[in-house]
Amino acid sequence: MKITYLGHSALVVEEGSFKGIIDPFISGNPSSIASVEGLKNITHVFVTHGHGDHLGDAVEIARNNNSLIIANAEICAYLNRFKVRTHSMHIGGRYRFDFGTVKMTTALHGSGITDGGNIICGGNPCGFVIEVAGRKIYHAGDTGLTLDMNLLEDENIDAAFLPIGGNYTMDIDDAVKAARFVKAKVTVPIHYNTFGVIAADPADFLNKAKGLDVVILGINESMNL
Ligand code: NI
Ligand code: MN
């Protein structure tokens, strides 16, 4: 499995013919060096919640690639107006797709969708546990620290992607606690430095997460699992 970090919370996950993108915030992302048009053969788009920096370019990517969008029921209901293919799930649910399994996990956050001047209900925010070809990743979405993350230890996660930027989500100290709950083989910090308000030094996270295997990915940098 190859995972590429596109900045903020956006990841591309590739394994065989599966090519998923999680939280595709590309065109509006000041730290992104990817282009929406450059994203080819995307089979699935995962959206953790309705905020613009996560829903991002999901519709355009899904239209360009005929991708299936996987999100909560409220976000999928909202996306139906754009005539894209969706698969709705909800927190606690797991489903077996042709590529592997997806479980939707809790996140403590908001999920409102900004549409013109209105905020549309985007249901509850979530994270994803995605298993493909025997490799399992956890993308926490935007969340505060929760004791529930302890439960993820039983999932035997290979790589956990945790927000560290603070203000809207866990900061570094809370993300270290989360990483110790999840006990993934590798932990990767995300959701930092995109904007001034979420400035954080990933090296600080690495230093504080003593005893844990931490990988810091640069923008457009890949790792293999
Ligand atoms: Ni958010
Ligand atoms: Mn966010």
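Provided above is the structure to which this section pertains.
Residues numbered from 1 in each chain as written. Chains lettered and ligands numbered in written order. Predicted model: local features only at pLDDT ≥ 70, side-chain atom pairs only at ≥ 80, totals over all residues. Heavy atoms only, no water.

1. Quick notes on the coordination of the manganese ion (ligand 2)
Move 1: For the manganese ion (ligand 2), the full set of protein donor atoms is D53 (OD), H54 (NE2), D142 (OD) and H191 (NE2), and the range of their distances to it is 2.1 to 2.3 Å.
Move 2: Each donor residue of the manganese ion (ligand 2) belongs to the same chain, with the gaps between them written as D-H-x87-D-x48-H.
Move 3: Here the manganese ion (ligand 2) and the nickel ion (ligand 1) are spaced 3.2 Å apart, linked through D142, which binds each one. Taken as a pair, D142 in the loop between β12 (135–139) and β13 (159–163) and H191 in the loop between β14 (186–190) and α5 (202–208) lie far apart in primary sequence, 49 residues in all. (Donors = N, O, S within 2.8 Å, 3.2 Å for Na, K, Ca; no water. Helix = DSSP H or I, 4+ residues; strand = E, 2+ residues; numbered from the N terminus.)

2. Digging into the coordination of the nickel ion (ligand 1)
Move 1: Distances from the nickel ion (ligand 1) to its protein donors, namely H49 (NE2), H51 (ND1), H109 (NE2) and D142 (OD), fall within the range 2.2 to 2.3 Å.
Move 2: Coordination at the nickel ion (ligand 1) comes from 4 donor atoms whose angles at the metal span 87 to 175°, giving a geometry best classed as irregular.
Move 3: Here the donor residues of the nickel ion (ligand 1) are spaced in sequence according to H-x1-H-x57-H-x32-D.
Move 4: By relative accessible area, H49 is classed as buried at 0%.
Move 5: What makes D142 buried here is its relative accessible area of 2%. (Tetrahedral: all angles 85-135°; square planar, octahedral: opposite > 155°, others 65-115°. Buried < 20%, exposed > 50% of the residue type's maximum accessible area, 1.4 Å probe, protein only.)

3. Let's talk about the environment of K177
Move 1: Here K177 shows up in helix α4 (residues 172–182).
Move 2: On the basis of relative accessible area, K177 is assigned to the partly exposed category, the value being 47%.
Move 3: Here the alpha-carbon distance between K177 and T146, two residues 31 residues apart in the chain, equals 9.4 Å.

4. Examining the environment of A62
Move 1: Among the structural elements, A62 can be located in helix α2 (residues 58–65).
Move 2: Spatially, the C-alpha atoms of A62 and A209 are 37 Å apart, while their sequence positions differ by 147 residues.
Move 3: Contact partners of A62, with chain neighbours within four places excluded, come to S67, I69 and V84. (Contact = heavy atoms within 4.5 Å.)

5. Observations regarding unusual backbone geometry
Move 1: Backbone geometry places K83, a non-glycine residue, at a positive phi of 55°.
Move 2: As for its position among the elements, K83 is in the loop between α3 (73–79) and β6 (85–89).
Move 3: Of note, the phi angle at K183 is positive, near 55°, even though the residue is not glycine.
Move 4: Counting through the fold element by element, K183 comes out in the loop between α4 and β14.

6. Regarding the pairing of β6
Move 1: The sheet contact formed by strand β5 (residues 68–72) and β6 spans 5 bridges and is parallel. The partner of A71 across the bridge, within β6, is S88.
Move 2: Where the polypeptide runs from β5 across α3 and back to β6, its parallel neighbour, the crossover connection is right-handed. (Pairing = 2+ DSSP bridges. Right-handed = clockwise from strand over helix to strand, strands pointing away.)

7. So, the nonpolar core
Move 1: Among the nonpolar cores identified, the biggest contains 50 residues, and F46, F99, I137, Y138 and F161 are the most heavily contacted of them.
Move 2: The element contributing the most residues to this core is α4, with 7 residues.
Move 3: Setting aside anything within four residues of it in sequence, one finds I137 in contact with M1, I3, V13, I22, F128, V129, I130, I157, A159, F161 and L225.
Move 4: Membership of the second largest hydrophobic core comes to 23 residues, among which are L6, A10, A58 and I75. (Core = buried A, V, L, I, M, F, W, Y, C linked by side-chain atoms within 4.5 Å.)

8. Topic: the sheet that holds β14
Move 1: The strand order across the open sheet built from 6 strands is β7-β8-β11-β12-β13-β14, with neighbouring strands paired in mixed fashion. Two strands in the sheet have a free side with no partner beyond their single neighbour: β7 (94–96) and β14. Between one strand and the next, the sheet's axes are offset by a mean angle of 15°, whatever the strand orientation.
Move 2: The sheet contact formed by strand β8 (residues 100–106) and strand β11 (residues 126–132) spans 7 bridges and is antiparallel. (Axes fitted to C-alpha atoms, helices over the stretch in contact; angles between N-to-C directions.)

9. Notes on the side chain of H191
Move 1: Judged by its relative accessible area of 1%, H191 falls in the buried class.
Move 2: Within the local environment of H191, its side chain forms a polar contact with the side chain of H54, the two groups lying 3.4 Å apart.
Move 3: One polar contact links H191 to D142, side chain to side chain, over a distance of 3.0 Å.
Move 4: Among all residues touching H191, those that are not within four sequence positions of it are Y5, H8, S9, D53, H54, D142, P163, I164, G165, T169 and I198. (Polar contact = N/O pair within 3.5 Å; in protein donor to acceptor, adjacent residues only side chain to side chain.)

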